[in-house]
Amino acid sequence: MNKVKAGRVTDTLSDGFQVSWNNLSYIVEKSSFPCISYNKSTPKMRVILKCLTGSFNSSELTAVMGPSGAGKSTLLACVCGKQTR
């Protein structure tokens, strides 16, 4: 079984590979997203992905589905290693 941690893949399958992640979270700071007012009630951080677990197997078609703004692109960026912070 392949495991992904921080965008790294380790190969242990003999007939393909599997990319998997466990407890994946992605949080951004307040300065990196637009906000109408910066009063004290505005959160300082925003959780984009929270405690996600999943996997992709080689030779299988996998669809990532959800409404606009659900974090689909962020998930794929984190899993492939483009988002490291």
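The structure displayed is predicted, hence computed values, not measured ones.

(A) Region of the structure containing the overall build of the protein. Within the protein one finds one helix and four strands. The buried share of the protein, reckoned over its 85 residues, is 25%. Partitioning the intrachain contacts of the protein with sequence separation of at least 6 by distance along the chain shows that 46% fall at a separation of at least 24. Accessible surface, the protein as shown: approximately 6700 Å² in total, 55% of it carbon and sulfur.

(B) Focus on the side chain of Gln 18. Along the chain, the position of Gln 18 falls in strand S3 (residues 18-29). A polar contact is formed between the side chain of Gln 18 and the side chain of Ser 55, at a distance of 3.4 Å.

(C) Fine view of the nonpolar core. Listed in full, the 10 residues of the largest apolar core are Val 19, Trp 21, Leu 24, Tyr 26, Val 28, Leu 49, Phe 56, Leu 75, Cys 78 and Val 79. At five residues, S3 tops the list of elements feeding residues into this core. In this structure, Phe 56 is in contact with Phe 17, Gln 18, Val 19, Trp 21, Thr 62, Val 64, Leu 76 and Val 79, ignoring residues within four places of it in sequence.

(D) Examining unusual backbone geometry more closely. At Asn 23, a residue that is not glycine, the phi angle is positive and equals roughly 60 degrees. Its place among the elements puts Asn 23 in strand S3.

(E) Expanded view of the UniProt feature "domain: ABC transporter" (unreviewed entry) in the protein. Under the present numbering, the feature "domain: ABC transporter" (unreviewed entry) in UniProt falls on residues 50-83. End-to-end, the C-alpha atoms of residues 50-83 are 15 Å apart, and along that stretch the chain is 26% helix and 24% strand.

(F) A look at the environment of Ala 77. Its location among the elements puts Ala 77 in helix H1 (residues 72-80). Assessed through its relative accessible area of 13%, Ala 77 is described here as buried. Once residues lying within four places of it in the same chain are set aside, the contact partners of Ala 77 are Lys 82 and Gln 83.

(G) Molecular detail of the packing of aromatic side chains. Going through the model one piece at a time under the given rule, you end up with one aromatic pair. Taking the centre distance of 5.0 Å and the plane angle of 50 degrees together, the rings of Trp 21 and Phe 56 count as tilted. With Trp 21 in strand S3 and Phe 56 in strand S4 (residues 45-57), the pair connects residues that are 35 residues apart, well separated along the chain. Of the residues examined, Phe 56 reaches a relative accessible area of 19% and is grouped as buried.

So, how was this worked out
Residues numbered from 1 in each chain as written. Predicted model: local features only at pLDDT ≥ 70, side-chain atom pairs only at ≥ 80, totals over all residues. Heavy atoms only, no water. Helix = DSSP H or I, 4+ residues; strand = E, 2+ residues; numbered from the N terminus. Buried < 20%, exposed > 50% of the residue type's maximum accessible area, 1.4 Å probe, protein only. Contact = heavy atoms within 4.5 Å. Areas by Shrake-Rupley, 256 points an atom, 1.4 Å probe, with all protein chains shown as cover. Polar contact = N/O pair within 3.5 Å; in protein donor to acceptor, adjacent residues only side chain to side chain. Core = buried A, V, L, I, M, F, W, Y, C linked by side-chain atoms within 4.5 Å. UniProt positions renumbered as here; feature names shortened; annotations may be inferred. Phe/Tyr/Trp six-rings, centres within 6.5 Å; stacked < 30°, edge-to-face > 60°.

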